[in-house]
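# Results of the structural survey
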Amino acid sequence: VQLQASGGGSVQAGVSLRLSCAGSGRSFSSNAMAWFRQAPGKEREFVAGISTSGGNTAYAVSVKGRFTISRDNAKSTVYLQMNSLKPEDTAVYYCAGGPQIYGDTYVYARPTLYNIWGQGTLVTVSS
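In this report, we go over the structure that sits alongside the text. (Residues numbered from 1 in each chain as written. Predicted model: local features only at pLDDT ≥ 70, side-chain atom pairs only at ≥ 80, totals over all residues. Heavy atoms only, no water.)

## Considering the pattern of salt bridges
Under the counting rule described, the total for this entry stands at three salt bridges. Between Asp-89 and Arg-66 there is a salt bridge; the shortest N-O distance is 2.8 Å. Residue Asp-89 is found in the loop between strand E8 (77-82) and strand E9 (91-99), and its partner Arg-66 is found in the loop between strand E6 (57-59) and strand E7 (67-72); the two are separated by 23 residues along the sequence. For Asp-89, a relative accessible area of 1% translates into the label buried. On the accessibility criterion, Arg-66 (11% relative accessible area) is buried. Salt bridges sharing partners connect three or more residues here, namely Arg-37, Glu-45, Arg-66 and Asp-89. (Salt bridge = Lys/Arg side-chain N within 4 Å of Asp/Glu carboxyl O. Helix = DSSP H or I, 4+ residues; strand = E, 2+ residues; numbered from the N terminus. Buried < 20%, exposed > 50% of the residue type's maximum accessible area, 1.4 Å probe, protein only.)

Shown next, in the form of structure tokens:
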């Protein structure tokens, strides 16, 4: 599976954006998916994760209640709906996939569990 992220842009604080990550290959639906982000000068951090079926999700505290992760296995695509964006959400956002990931935030947040990474898409939020 290869992943292609899109949907980033430059926006004002308070607005919404939806990121997409399209997968190629037959095994997309067998991978749990996640979004990570990396702000300038900072380490990569977990944002949200979703199980293979979409029935289990997890979020970082900083985005819970504002961001929603979802997936459409028929389209081999995972989404990140980002509402009420803040300047501190500015980062390059990466999608990632990995097998047999299920559980709570502490599980999804482990980057070593993911063996497929997409290129990033830049989100810039200005105040």
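## Focus: the packing of aromatic side chains
This model, assessed by the stated rule, comprises four aromatic pairs. Each ring, one from Phe-36 and one from Phe-46, has its centre 5.6 Å from the other, and the planes form 75°; the classification is edge-to-face. Of this pair, Phe-36 sits in strand E4 (residues 31-38) while Phe-46 sits in strand E5 (residues 45-50), and the two are ten residues apart along the sequence. The pair Phe-36 / Phe-46 is uniform in exposure class, with both members buried. With centroids separated by 6.2 Å and ring planes inclined at 70°, the aromatic side chains of Tyr-114 and Trp-117 adopt a geometry described as edge-to-face. The class for Trp-117 is partly exposed, based on a relative accessible area of 30%. The ring of Phe-36 carries Arg-44 above its face, with NZ or CZ at 5.9 Å from the centroid. (Phe/Tyr/Trp six-rings, centres within 6.5 Å; stacked < 30°, edge-to-face > 60°. Lys NZ or Arg CZ within 6 Å of the ring centre and 35° of its normal.)

## Digging into the state of the cysteines
Enumeration over the complete set of coordinates arrives at one disulfide. Paired by a disulfide, Cys-21 and Cys-95 hold their sulfur atoms 2.1 Å apart. Looking along the S-S bond of the Cys-21-Cys-95 disulfide, the torsion reads about 65°, which is the right-handed sense. Note that Cys-21 is positioned in strand E3 (residues 17-24) and Cys-95 in strand E9, a separation of 74 residues in sequence. Of the two residues, Cys-21 and Cys-95, neither departs from the other in class, the shared state being buried. (Disulfide = S-S within 2.5 Å.)

That is the geometry; function is a separate question.
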